[in-house]
Amino acid sequence: MRRTTIWTRAVTAVAAMAVALTGALVAAPAHAATTHVGTMKAGTTLVPGDQVTSNNGQFRLVMQGDGNLVEYGVGNVVLYASDTANKPGAVAVFGTDGVMTLQLGGRAFKQWGTSTTRGLDFGVRPDGTMRSMNTAKQVLWSIASFQSRVPAGSVLLAGTTLRPSASTAQVVTMQPDGNLVQYTNGKPTWSTRTNNNPGAWAAMQTDGNFVVYRADKKAIWSTGTHRAGGGTLLLQVDGNIVLYGKAGTRVWSARAVTTLQWPVVSRVISGRYGDDRGAGHVPRYHQGTDAAVGIGTPVYSSAPGTVSKTVANDPSYGNYVVVTYGVTTVLTAHLSQIEVSTGQTVRAEQEIAKSGNTGQSTGPHVHVEVRVNGNLTDPLTVLQFR
């Protein structure tokens, strides 16, 4: 590993992060913006441009000029938004009664907490969560937020914690001692073994390498993937830490990766990816692969994942489910029954639906459609028969 080259790339990554952190997200406010580090006290008002940050600055809750209250995470990724971008000039008020409201012209239009909470302060934590505390340091109310993906050009500073979901069962923390550690239910299950290096930090570089640097800028650990190109480091819902390169290909993982499974127990194919279905079909060329199974056949998850969409009665797909596995999504359509809900975490081998003949279907089957990094891909090159 050429440390001089790696360090040069790391400096670029840090510079990129600095630009992201200081760059104008909305029109510049007329006043000097205020930054509250860690917490803000009850009785504080955030006007457009003001923000509350985690202690290390990696997570930022910004009161934008368009009226939207938005949290940005590592690499300037949007983690949470109040969805109030149609209220320009709005302010966020954290009252002495412990209630936080968004107000426009003195009238509240969104609220967190109740008047019985009596919060002392409101803070942004180094895992992205936001919460109000009382004098006894008890959590009164919180806004659930987390970050599972680290884009190329970003760094993880000491104290920053990643999570694959709102649950705290799986976390990865860049510790103050310099060790990047994964914890499962509170017990360490993987680390870079770089402790005794206070002030160390990690960089997800644009060349595809993920590197831990000592405070004196010396590289002390890396994935050795500097030829992969800028991709994403992902803490998956199955607990694995996986690095995807620029092409969306998995180039490194903390532990062995299991293959994504075909959604039904059948190898009978009635329609293949890319088949020309003739004039009049939209789209004309088949976007997935069809599994010929009878109505009511169990449809399973392909691995541990997150349900990103469930739709009933779509004119084309009928009832369908989309589950996300890392950078891959698997859509199963023409279902007779959906057994999961959007946002739900699913286990490997979990039944998520039953096959059917709904939507634009000419007979009982399951339409399987796969996208990798948003790009349509032949399902039979990604999924393995059960």
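Residues numbered from 1 in each chain as written. Predicted model: local features only at pLDDT ≥ 70, side-chain atom pairs only at ≥ 80, totals over all residues. Heavy atoms only, no water.

## Section: the overall build of the protein
Within the protein, the secondary structure is distributed over one helix and 35 strands. By its C-alpha atoms, the protein is 65 × 55 × 40 Å across when sized along the principal axes. The buried share of the protein, taken over its 386 residues, is 46%. Across the protein, contacts joining residues at least 24 apart in sequence account for 46% of those joining residues at least 6 apart. As displayed, the protein offers around 17300 Å² of accessible surface, 51% of which is attributable to carbon and sulfur atoms. Seen as two clouds, the 32 positive and the 20 negative side-chain charges of the protein have centres 7 Å apart. (Helix = DSSP H or I, 4+ residues; strand = E, 2+ residues; numbered from the N terminus. Buried < 20%, exposed > 50% of the residue type's maximum accessible area, 1.4 Å probe, protein only. Contact = heavy atoms within 4.5 Å. Areas by Shrake-Rupley, 256 points an atom, 1.4 Å probe, with all protein chains shown as cover. Lys, Arg positive; Asp, Glu negative; His and termini not counted. Charge placed at Lys NZ, Arg CZ, Asp CG, Glu CD.)

## A look at the nonpolar core
Judged by nonpolar contacts, the single largest core of 38 residues is most densely connected at Leu69, Met100, Trp112, Phe122, Leu156, Phe210 and Leu233. Formed by 26 residues, the second largest nonpolar core is a distinct cluster that contains Ala291, Leu335, Ile352 and Ala353. (Core = buried A, V, L, I, M, F, W, Y, C linked by side-chain atoms within 4.5 Å.)

## Focus: the sheet that holds strand E12 (residues 130-133)
Here we have four strands laid out as an open sheet, ordered E2-E11-E12-E13, and antiparallel in their pairing. This sheet does not close on itself; its edge strands, each paired only once, are strand E2 (39-41) and strand E13 (139-143). Adjacent strand axes in the sheet meet at a mean angle of 20 degrees, parallel and antiparallel pairs treated alike. Relative to strand E11 (residues 121-124), E2 is paired through three bridges, and the arrangement is antiparallel. For Thr39, the partnering residue across the bridge sits in E11 and is Gly123. (Pairing = 2+ DSSP bridges. Axes fitted to C-alpha atoms, helices over the stretch in contact; angles between N-to-C directions.)

## Focus: the pairing of strand E7 (residues 78-81)
Sheet topology note: the strand E6 (residues 69-72)/E7 ladder contains three bridges and is antiparallel. Bridged to Glu71 within E7 is Tyr80. Connecting E6 to the antiparallel partner E7 that follows it, the hairpin turn spans five residues, and Gly75 within it adopts a positive phi of roughly 75 degrees.

## Examining the pattern of salt bridges
One pass over the full model with this rule turns up seven salt bridges. In this structure, Asp216 engages Arg214 in a salt bridge whose closest nitrogen and oxygen atoms are separated by 2.7 Å. A salt bridge links Glu349 to Arg386, with the nearest nitrogen and oxygen atoms 2.6 Å apart. Of this pair, Glu349 sits in the loop between strand E32 (345-346) and strand E33 (351-355) while Arg386 sits in the segment after strand E35 (375-377); the two residues are 37 residues apart in sequence, bridging distant segments of the chain. Judged by its relative accessible area of 26%, Arg386 falls in the partly exposed class. Counted as one network, the salt bridges with shared partners bring together Glu339, Glu351 and Lys354. (Salt bridge = Lys/Arg side-chain N within 4 Å of Asp/Glu carboxyl O.)

## Regarding the pairing of strand E23 (residues 232-235)
Side chains Thr232 and Leu234 project from E23 onto one buried face, and the interleaved Leu233 and Leu235 project onto a second face that is buried too. Sheet topology places strand E14 (residues 149-151) next to E23; three bridges connect them, and they run antiparallel. The partner of Val150 across the bridge, within E23, is Leu233. With four bridges joining them, E23 and strand E24 (residues 241-244) adopt antiparallel strand pairing. Along E24, the bridge assignment pairs Leu233 with Leu243. A loop of five residues connects E23 with E24, the two strands running antiparallel in sequence, and Gly239 in this loop sits at a positive phi of about 90 degrees.

## Re the sheet that holds strand E17 (residues 170-174)
Read across the open sheet, the four strands follow the order E16-E17-E18-E19; overall the sheet is antiparallel. Edge positions in the sheet fall to strand E16 (161-162) and strand E19 (187-191), since each has one partner strand and no second. Sheet topology note: the strand E18 (residues 180-184)/E19 ladder contains four bridges and is antiparallel. When the bridges of E19 are listed, Thr184 appears paired with Lys187.

## Observations regarding the packing of aromatic side chains
Scanning the entire structure with this criterion turns up nine aromatic pairs. Judged by centre distance (6.1 Å) and plane angle (55 degrees), the rings of Phe94 and Phe122 are tilted. Here Phe94, found in strand E8 (residues 91-94), pairs with Phe122, found in strand E11; they are 28 residues apart in sequence, far enough to count as distant. Among the residues examined, Phe94 registers a relative accessible area of 0% and is labelled buried. Among the residues examined, Phe122 registers a relative accessible area of 0% and is labelled buried. Judged by centre distance (5.2 Å) and plane angle (55 degrees), the ring pair of Tyr317 and Tyr320 falls under tilted. Positioned above the aromatic ring of Phe109 is the side chain of Lys87, whose terminal nitrogen or guanidinium carbon lies 5.1 Å from the ring centre. (Phe/Tyr/Trp six-rings, centres within 6.5 Å; stacked < 30°, edge-to-face > 60°. Lys NZ or Arg CZ within 6 Å of the ring centre and 35° of its normal.)

## Some words on the confidence of the model for the protein
Of the residues in the protein, 91% reach a pLDDT of 70 or more, and the chain-wide mean stands at 89. With pLDDT under 50 throughout, residues 1-29 is counted as low confidence; its partners more than four residues away or in other chains account for 42 contacts. (pLDDT = per-residue confidence, 0-100.)

## A few points about the environment of Pro315
Here Pro315 is to be found in the loop between strand E29 (305-314) and strand E30 (318-325). Between the alpha carbons of Pro315 and Leu180 there is a distance of 48 Å; along the sequence they are 135 residues apart. Those residues in contact with Pro315, other than ones at most four positions away along the chain, are Gly359 and Gln360.

## Digging into the side chain of Thr194
As for its placement among the helices and strands, Thr194 is situated in the loop between E19 and strand E20 (201-204). Its relative accessible area of 4% is what places Thr194 among the buried residues. At 2.6 Å, the side chain of Thr194 and the backbone oxygen of Gly178 are in polar contact. Beyond its immediate stretch of four places on either side in the chain, Thr194 contacts Asp177, Gly178, Asn179, Leu180, Val212, Ile220 and Trp221. (Polar contact = N/O pair within 3.5 Å; in protein donor to acceptor, adjacent residues only side chain to side chain.)

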